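# An overview of the molecular structure
Read off the chains here:
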Amino acid sequence: CFRLFMLSTVYAFDCLCFRLLVLSPSLAFAWISLRHARTACVRLLESSIGVFVPIIPIRSLLRSSAWRCEIMISIPTPRFGLVVRPTNDVLTFPSGIFGFELQLRWLLLGDREHGGLYWLQNVEQPDLSLPVLDPREFVSGYRLQVDRAQLRNIWSGTEQLVVLAVLTEFKGQLCLNLRNPFVINPSSHLGRQVVTTDGRPLQHPLSSQPASPRKAA
């Protein structure tokens, strides 16, 4: 009901602004004031129900660097051995991630033995790595709905973003955390872990069969 009320309010503002402008150009000041009120309503609406964010596959992030530098970083990891990557490949999470707020720099690594599985490897803490998947490949019709304010520092509203869901285990069942995915801008390599606004579960059982590409697109 609240959402319908807000949508109706925004529509009413648009109609009233148009009528004032047609009836009397001298009411331009009132029109401007109403437009500001309308903007406030739209922002409140977005914060309450979230916006849908355009997303692209993980592989787009792996080849997104437009140029390479000669500065390399080396990480002696217990899981992957010595990892050597250009500094351009580093993903920065300015706010950290849940539970690891001080760990800001990460690398995305592919798993050689399991196609479609990736790892977020921390740069500063070599023994810290998180398994992640592209939720679109395992959840039919997946869309990311999130409060736009959460993406303020990494998304202008036009770029396509990469979404990573953490792979977990719950009662012996592999699951995806769809409520708190990682969102990354491939252009800037900035990321943030967000809280979705559409009621996605913390433990979404992972099907053994990937979702249809057509449905997941």
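See above for the structure.
Keep in mind that this is a model prediction, so the values were computed, not measured.

Take the overall build of the chain next. Secondary structure assignment for the chain yields four helices and 13 strands. For the chain, the residues scored as buried account for 44% of the 217 residues in total. Pairs at least 24 apart in sequence give 58% of the contacts found in the chain among residues at least 6 apart. As presented, the chain carries roughly 12500 Å² of accessible surface, and 58% of it is formed by carbon and sulfur atoms.

Our focus in this paragraph is the pattern of salt bridges. Scanning the model with the defined rule gives two salt bridges in all. A salt bridge links Arg 105 to Glu 124; the shortest N-O distance between them is 2.9 Å. Of the two residues, Arg 105 sits in strand E6 (residues 105-110) while Glu 124 sits in the loop between strand E7 (118-122) and strand E8 (129-133), which places them 19 residues apart along the sequence. Classification of Arg 105 by relative accessible area gives partly exposed; the value is 34%. Of the charged contacts, one joins Arg 200 and Asp 198 as a salt bridge, the two residues approaching to 3.4 Å between their closest N and O atoms. Residue classification places Arg 200 among the buried residues on the basis of a relative accessible area of 18%.

Okay, the packing of aromatic side chains next. Applying the stated rule across the entire model yields two aromatic pairs. Judged by centre distance (5.9 Å) and plane angle (70°), the rings of Phe 80 and Trp 119 are edge-to-face. Pair noted here: Phe 80 is in the loop between strand E3 (72-77) and strand E4 (81-86) and Trp 119 is in strand E7, with a separation of 39 residues, a long-range link. Relative accessible area serves as the criterion here: at 10%, Trp 119 is assigned to the buried category. Measuring from centroid to centroid gives 5.8 Å for Phe 93 and Phe 182, while their planes differ by 80°, and the two rings are edge-to-face. With Phe 93 in the loop between strand E5 (91-92) and E6 and Phe 182 in strand E11 (residues 173-185), this residue pair connects regions lying 89 residues apart in the sequence.

Cut-off values and rules
- Residues numbered from 1 in each chain as written.
- Predicted model: local features only at pLDDT ≥ 70, side-chain atom pairs only at ≥ 80, totals over all residues.
- Heavy atoms only, no water.
- Helix = DSSP H or I, 4+ residues; strand = E, 2+ residues; numbered from the N terminus.
- Buried < 20%, exposed > 50% of the residue type's maximum accessible area, 1.4 Å probe, protein only.
- Contact = heavy atoms within 4.5 Å.
- Areas by Shrake-Rupley, 256 points an atom, 1.4 Å probe, with all protein chains shown as cover.
- Salt bridge = Lys/Arg side-chain N within 4 Å of Asp/Glu carboxyl O.
- Phe/Tyr/Trp six-rings, centres within 6.5 Å; stacked < 30°, edge-to-face > 60°.

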